[in-house]
Structure formats: structure tokens, C-alpha cells
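Each chain, written out:
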Amino acid sequence: MNVVMRVPARGVQSLAAILDGLIGAPRGEPFSEDILELCHEFATRLLNDPVSRVHPELMTLGFFMRKTELVRMKREFETTARPDVLRVPQGLVFHLPPANVDTIFMYSWLLSVLAGNANVVRLSSRGSPVVDHLCDVLSDLLARPGLESVRDRVAMIEYGHDDAITGAISARAALRVIWGGDATVDAIRRVPLAPSGRDLAFADRWSLVALGAKTIAWLEETALATLAEQLYNDLYWFDQLGCSSPRLAVWVGDAESAALARERLWPALAAVVARRGYRPEVSTRLGRELFIYRAVLDGPVVSRTDYGPALAVLRVDRLEGLRREHPGGGLLFEAVAPSLVSLERWVDRKDQTLTYVGLPRHELVGLAERLAGRGIDRIVPVGQALSMARFWDGLDLTAQFVRHVHIVG
Amino acid sequence: MSDLATQLDDLLEAPLYGLPQADKAVRLTRALAALTAHHRAACPAYRRLTDVLGGGARPLATLAEVPWIPVGLWKSHRLISIADDAISTTLTSSGTTGQAPSRIYLDKDTARRQSRALARIMTHVLGPKRLPMLVVDTRGLLQDRHAFSARGAGVLGMMTFGAQPTFVLDEHMQLDRAALDGFLAKHGGTPFLIFGFTFMVWAYLYGAIVGAGVDLSNGILIHSGGWKQLVERAVDNPTFKQRLGAETGLRRIYNFYGMVEQVGSVYLEGDDGLLYPPAFADVIIRDPMTFAEVPPGTAGVVQAVSALPTSYPGHSVLTDDLGVIEHVDQGDRLGKAIRIIGRVPRAELRGCSDTHAAEADA
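Residues numbered from 1 in each chain as written. Chains lettered and ligands numbered in written order. Predicted model: local features only at pLDDT ≥ 70, side-chain atom pairs only at ≥ 80, totals over all residues.

### Concerning the overall build of chain A
Okay, so step 1: Broken down by element type, chain A carries 16 helices and 18 strands.
Okay, so step 2: In terms of C-alpha radius of gyration, chain A reaches 22 Å, essentially the compact-globule figure of 22 Å for 409 residues.
Okay, so step 3: Projected onto the principal axes, the alpha-carbon positions of chain A cover approximately 65 × 55 × 40 Å.
Okay, so step 4: Per-residue burial over chain A gives 46% buried out of 409 residues. (Helix = DSSP H or I, 4+ residues; strand = E, 2+ residues; numbered from the N terminus. Rg over C-alpha atoms; globule rule 2.2 N^0.38 Å. Buried ≥ 20, exposed ≤ 12 C-beta atoms within 10 Å, placed from the backbone.)

### What about the overall build of chain B?
Okay, so step 1: Tallying secondary structure elements over chain B gives 11 helices and 15 strands in all.
Okay, so step 2: The globule rule puts the C-alpha radius of gyration for 362 residues at 21 Å, and the 21 Å found for chain B is close to it.
Okay, so step 3: Its C-alpha atoms give chain B principal-axis dimensions of roughly 60 × 55 × 45 Å.
Okay, so step 4: Per-residue burial for chain B yields a buried fraction of 48% across its 362 residues.

### Structural notes on the domain arrangement of chain A
Residue and element names in this part refer to chain A.
Okay, so step 1: Segmenting chain A into domains produces domain 1 (2-204) and domain 2 (206-381).
Okay, so step 2: Taken over C-alpha atoms, the centre of domain 1 sits 32 Å from the centre of domain 2.
Okay, so step 3: Each partner contributes to the interface: domain 1 provides four residues, whereas domain 2 provides four residues.
Okay, so step 4: Residue composition of the side of domain 1 that touches domain 2, by class: two nonpolar, no polar and two charged. (Domains from an automatic or database assignment. Contact = placed C-beta atoms within 7 Å. Nonpolar A, V, L, I, M, F, W, Y, C, P; charged D, E, K, R; others polar.)

### Describing the sheet that holds strand β9 (residues 206-212) of chain A
Strand pairs in the sheet, formed through backbone hydrogen bonds, run parallel or antiparallel to each other.
Residue and element names in this part refer to chain A.
Okay, so step 1: Pairing is mixed in the open sheet, where seven strands are placed in the order β11-β12-β13-β10-β9-β14-β15. Each of the sheet's edge strands pairs with one partner strand only, and the pair in question is β11 (301-306) and β15 (378-381). Strand after strand, the sheet turns through a mean of 25 degrees between neighbouring axes, direction not considered.
Okay, so step 2: With five bridges joining them, strand β10 (residues 248-252) and strand β13 (residues 331-337) adopt parallel strand pairing. For W251, the partnering residue across the bridge sits in β13 and is V336. (Pairing = 2+ DSSP bridges. Axes fitted to C-alpha atoms, helices over the stretch in contact; angles between N-to-C directions.)

### Examining the packing of helix α14 (residues 282-298) of chain A against helix α3 (residues 44-53) of chain B
Okay, so step 1: It is at 10 Å that the axes of α14(A) and α3(B) come closest, and there the two elements cross at 115 degrees. The orientation of α14(A) with respect to α3(B), classified from their angle, is roughly perpendicular. Like other packed secondary-structure pairs, α14(A) and α3(B) cross with a definite hand, here right-handed. Between α14(A) and α3(B), the contacting residues are I292(A), Y293(A), V296(A) and L297(A) on the first element and A45(B), R48(B), L49(B), V52(B) and L53(B) on the second.
Okay, so step 2: Split by residue class, the contact of α14(A) with α3(B) holds eight nonpolar, no polar and one charged. (Parallel < 35°, antiparallel > 145°, perpendicular 65-115°, else oblique. Left-handed = near helix turned anticlockwise from the far one by under 90°.)

### Digging into the sheet that holds strand β5 (residues 118-123) of chain A
Residue and element names in this part refer to chain A.
Okay, so step 1: Pairing is mixed in the open sheet, where seven strands are placed in the order β2-β1-β6-β5-β4-β7-β8. The sheet is open, and its two edges are formed by β2 (11-14) and β8 (198-202), each paired on a single side. For this sheet the average axis-to-axis angle between neighbouring strands, irrespective of direction, equals 30 degrees.
Okay, so step 2: Against the sheet, helix α7 (residues 129-142) contacts β1 (2-7), β5 and β6 (154-158), and its axis sits at roughly 75 degrees relative to β1.
Okay, so step 3: Those strands touched by helix α10 (residues 182-189) are β4 (92-96), β7 (175-179) and β8, and its axis lies near 150 degrees from that of β7.

### So, the interface of chain A and chain B
Okay, so step 1: Between chain A and chain B, the residue contacts involve 40 residues of the former and 32 residues of the latter.
Okay, so step 2: In terms of residue count, the dominant contributor to the side of chain A that touches chain B is α14(A) (12 residues).

### A word on the nonpolar core
Soluble, globular proteins show a tendency: their nonpolar side chains are buried together.
Okay, so step 1: In this structure, A210(A), L211(A), V250(A), L269(A), V136(B), L193(B) and A307(B) are the most contacted members of the largest nonpolar core, which totals 222 residues.
Okay, so step 2: Viewed by domain, this core spans two of them, domain 1 (2-204) and domain 2 (206-381) of chain A, each represented by three or more residues. (Core = buried A, V, L, I, M, F, W, Y, C linked by C-beta atoms within 7 Å.)

### Observations regarding the pairing of β8(A)
Residues and elements named next belong to chain A.
Okay, so step 1: Sheet analysis places β7 next to β8, joined by five bridges and oriented parallel. When the bridges of β8 are listed, I178 appears paired with A201.
Okay, so step 2: Remark: the β7/α10/β8 crossover connection has right-handed handedness. (Right-handed = clockwise from strand over helix to strand, strands pointing away.)

### Let's talk about unusual backbone geometry
Residues and elements named next belong to chain A.
Okay, so step 1: Note that the residue after V7, namely P8, is joined by a cis bond; omega there is 10 degrees.
Okay, so step 2: The topology assignment puts P8 in the loop between β1 and β2.
Okay, so step 3: At A372, a position not held by glycine, the phi torsion is positive, near 50 degrees.
Okay, so step 4: Here A372 lies in the loop between α15 (361-371) and β15.
Okay, so step 5: Here the phi dihedral of I376 falls at roughly 65 degrees; this positive angle occurs in a residue that is not glycine.
Okay, so step 6: By the element assignment, I376 lies in the loop between α15 and β15.

### A closer look at the confidence of the model for chain B
Okay, so step 1: Summarising the model, chain B shows a mean pLDDT of 90, and 93% of its residues fall at 70 or more.
Okay, so step 2: Note that pLDDT drops below 50 for residues 351-362 of chain B; the model gives that stretch 39 contacts with residues more than four away or on any other chain. (pLDDT = per-residue confidence, 0-100.)

### Examining the packing of helix α2 (residues 33-47) of chain A against α7(A)
Residue and element names in this part refer to chain A.
Okay, so step 1: Contact geometry of α2 with α7 gives a least axis separation of 10 Å together with a crossing angle of 135 degrees. Regarding the angle of α2 to α7, the classification is oblique. Seen along the crossing, α2 lies across α7 with a hand that is right-handed. Residues L38, E41, F42 and R45 of α2 touch α7, and the partners they reach there are V137, L138 and L141.
Okay, so step 2: For the contact of α2 with α7, the residue count by class is five nonpolar, no polar and two charged.

Following this line, the structure appears as C-alpha cells:
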């Protein structure tokens, strides 16, 4: 069985040979110097790359991979060390990133390679300019002398939906990382793993933003403009289809403040959308329109307001009955809640990220405590909805990518 | 209701292509406003949609003000303005595999209006006499009499304008040469009707007779169904007509645009190759981003309006097609002359939802 190798070098290769090579390669150790060095180089390249100006998600990836960031991550890792536990790599990790959130494969690979694992990453055969670019940069760096040990532990390969290939890799992987949606998770799970293998599966999620109504109603103009920029990034980077992009905006506070704040924030957001020249594809635009009609028939929508062609706000008079579906392309459901904690009854497992502005920490913690794990795995300030982090979907990924060897005595 | 019925019937009998656009728009707007009120009263789902999204009960002064329903809504929701026991026929769209079909509910009145509409349009090119008919399809299409596919409904609808229909494809879409030759021996010397779906006419009729010297010069071909598969083969309407004509002598070739959501309101091709909505139907072309009406010459999303349906709220539909109004009130036929550009291209799905399904589909 042959596959198209993309990183560390282009070419058609035997899958068995690739897997033998990865499994036979000397094991790394968590946060080893050569990997930190590679990441540092990679980050430097990305942050100075003209391509990153067109694709801001590359900038974010670059920041995530800076040496200072990684050293901080390493120190955090070390603070959780215990004398009776030795943390070692899992072995071969098989990553199945989503085809179209272009940078997730890098984060998935990165967190795993930092733990010292060998990695196979499946890239969609459909390709994308961002993925291509990242692969080229990475291959280029890996060709440098001194990085052989890292190079021997990575294979990024392109293939379509081929259960035979997925099966052959799964049979030899210690850990399989499946980035959803639900249908993908279901399809991949039907392909058996080695008995000792484990799945790390990320299903479809839904996300919301909580807005302190009073704060925003009285926010000074420059701060309002900054907030609008941050919301823009959260919503529009991936056509609002990233799982952590907010789909529901909840005004927390009294109705009067909410009314004032709404009249300020949505036009400000629409102004950013216009300035950035965001335009959905025509089919996305039509799909969103159809979705709105369906949402009105299926849910508690009471009104619709359009702020330009790429922002429609559907007000709901209650959250009960609101389906967690979304078409992307600039649509927010909008509700008013007297307090953050009043969301408790509505939140469920599917809810992933709560972004917030103008809400005190104790209310955020209070909601998380009341939910007690029934939903919402991330609570981050607006502007950071799409920032990948070590903690994701309720897991500490750094801990997931290592094995913990318990040594008593 | 009887006022509404009279109004619709009047429009149904108006000169098909003889109303200047300004007059047509006034009459049609009045009928569509009455239909909007009718469906608001008769269909709770439609009422909710127009209340929340369409400004509720409001006067409609121009065609462009008539609220629309996105065509995909018939795939997911039951939109109906009659009691269940009044349903006489349910139409379903063929749709792409894996997609839910559209479901359109007809009562006797709407079905009658659709038949009459189709009759007026077809006799415009066929004349009042029922001509012997070649059907470029398979007889098997017409099995289930209660739930026709769009293709079946189309064939059945056209059969009322022909006589002694001869189906020339077998169940494997192979041309039945004996049936074709038999038909031509009997009827080929005088005008006859040929009906089929555009792609099938091209692939299974034309494709099977290239170089065979088949004489279809007395035929009048009426075809529909979209150009997607032909565009993929680099065949556009002029090429289609030219090649068929050169091969068979067939000169009278008329394409039409229609959809299962608005059966009867078909836009028939004129001699200039453009499509013309009849008196009781029209198009509004909208900017795909703002949905504002755009002027002739500018391409956009096609909104189709029709004064035929009372049994379901399909009198104003926002389609997934792109089109352009080439000119208005020029040439033999009055009103808007349009060109359909084709289906809006499907965007690549982004985001982390169900990339597996999306790719499998692509």
C-alpha cells in the first residue's frame, strides 16, 4: 500500500515502510531541546512570513510556537512532575485533523511531538494553500542537519477516505486523535485500533459568547472598536464554522442595558466586517438564508436584524428549544439573560467554549462550578475563541500525549 | 378565495408574452399580494415566516416586495395551505442522492391551474393539435401514480400535449432503435413532438444516433432539466442546437426552465435562445450578498414568482440558481428575457464539522 508523503519530503512511499521507520525511530523525551529549537525556528519563519498577513491564523500558530511560550509550557509540565511517576512518550500517534480548519493539524502534531511521540498526520487529499504552505516550511526546516531525530518521528501523508490505509495505521498506533465532526468520529471509530490503542476523539461542539450588557452599553469608543475587532476574529476566521466560534450571543444584564449595548456592538462589528472585506461564498450566503427560515420554523426566534450582508442577528426570547445547529457565514442568535448563572439550565455537553467580555471572574467560575462538567470546557476572553491551547475539550492534552509510568520504591 | 381564484384565472388567460413589463408587473403584483394574504391565512408556517422575516401583513406595491421562501425549505418542512384531505397529488423532486426531496402538495385547483398554464405555453409552440410524441425516457418512470418524481411529473405533464407517446429508451437508458424507426416511419413525414430532459436527449438520443442519418427535421424538441452535466462536457445551448440540427435536421428546439416548486410556470425559450416567463410568472434577479434587486444585465440569484399555487405557499421562491435579465420588452416577446447561468457553485465546507461526509460527497 503506497501513500503520498508530504512531510518531511514529497513523494510516494510504502505505508508499511513509513510506519516501520516511525516505530523503529529512537524515542524522544518530552520537551527535548531539538524539538524546542525546531519550533522556535518554525515560529520565527511564520511570524515574519508575508503569507501570515493574509492568513492571520498562521500568526496565531506562530505565537503559540514561540520559544518563550514553549519554555513556559515546559516549566508548567515540570511543575506537575512527581518523584514516583516517569512521563514517557505514548509511541506512535495517528492524527486525523479536520480537512478545513487549516491549522489544527499543526497544533495536534505539535502537542504530540513536544511529548516525544512519533506522529502520522493524515492530510486531506483535497489540499489547501495554508496546509501546503505549512508543509513546505516544516519540510524545509526538517531538512536541516541536527534535526534527524525529529525528522524520523514525523510523517504527514495525504490520502482520501480509505479505510484500508486508516486501518493499517490504526493497527499500529498507540493513540489515535480524531478531530470531528460527529460523522467523522463515527466513521473512524468503526476502523479498529490495536487492542492497546486509545482514541482521543473531538466531536462537534457549539460555542457562545457572554456579553456584560452594562459594560458594553457604556464602553468608550476605542474600547468598543477593539472589542469589535476581537469578535470579528472569533467569528469570521473560519467562516464561523470552527467549533469554538460563537454562534449565540447572550447579553448578561437588564433588558434596557442590553438594548443599548446591542445598538452599539452589532454596527461596530459590521463595520469591521466591511472594513476587512469579508464576503461569504454565494452558496454559504444562500445556505445561511435557508438556515434562518428553518430556524424560525424550528425555534424560538422572534426577530431578525441584518447588519450588512455578513451579519444577521436572530433574537430568541428563550433558550429552550434553540437547536444547536449553525450554517456559518455570519449569523448570531441573541438572547438576554439576567445573570450568567441563569444559563446553567440550558448548557449541555455540546457546548464547548464560552467567550466573555465585561463579566467578573467569580461569575465565570460560579457558572462552571454549577455546571459541574455538564458542558462548557473553555472559558476565555473575546478574541481568543479560536486560540488553541493545551487544555481542550476538557482534556489536558499535554498529559494525554504521554504515558505515566508509576515507580514505587 | 373565489375573488382570488377569479383574479388568478384572469391572469392565466392573459396574453402569454404580450404584456409590456410595466402592465404585467402591476397585474402580477396584485395577484401575488392576494396570494401572500391567502397563504398567510391558510398556512401557519408561512404566516410565522412572514411575521418574523417578511414584515408581517403589509401592502405590497411592487413585485420585488413580495416575500420569498428559499427553495430548500420544501426539503425540510411541510409547507401546505390546504387540509390534508384536499391533497390530490404530492410532487417530489428527484434531488441529488442523499438529499431529502422537496415535497409539494397539490389540490385540484392548483393542479388544474398548472395544467392550464402548461397547455397555454406549450400550444404556443406546438399549435392546438396534439402531435405524435417521442418521449426520450423510459416507460418505467410512470409506475407510482401517487408520488411522481419531478421527471415523471414532467413527462406526464408533457404527454397531455402529444398523442400516441412512444418511449424510446429502455430501462438501461439504451436507445430502442426499433421503436424510434417505427415511430419515424409512421409519423416522421409531418410535425411531431419530441420531449426529454436535456441531458438525456444529449447523451442517450443524440449520443446514440450520431452518424446514423436519423431524420428528425419535422420534430419539435422541447427539453428541460438543467445544463450542469452538459456544461461539464462543454456543451452549451448554442452547441446543443447546432449539433442536433446538423445531425438530424431538427431545427425547432426549445429549452425551458422550471422547477417542481412551481410546476406550470415554465420559462420557454424564444427564437433568440433566451427564456421568457409567461404572463402569470416572472423573475426578480437579486444581488447574492445583499439580496437587493439588480438591474437587467447584472447577474444574480433568481427569485421566481408565480400566480399559480394556492395549495402551498410557493408563489415566490428564492432559487439556488444564478441568472440574468438580458433585456426587457424587446424582440417578439414582451416582458423579461432571461438567461439562466446555472446552479450556485457549492462552497467548500470549512470548519470542524463533518469533513468526512463533506468529502465523501464532493
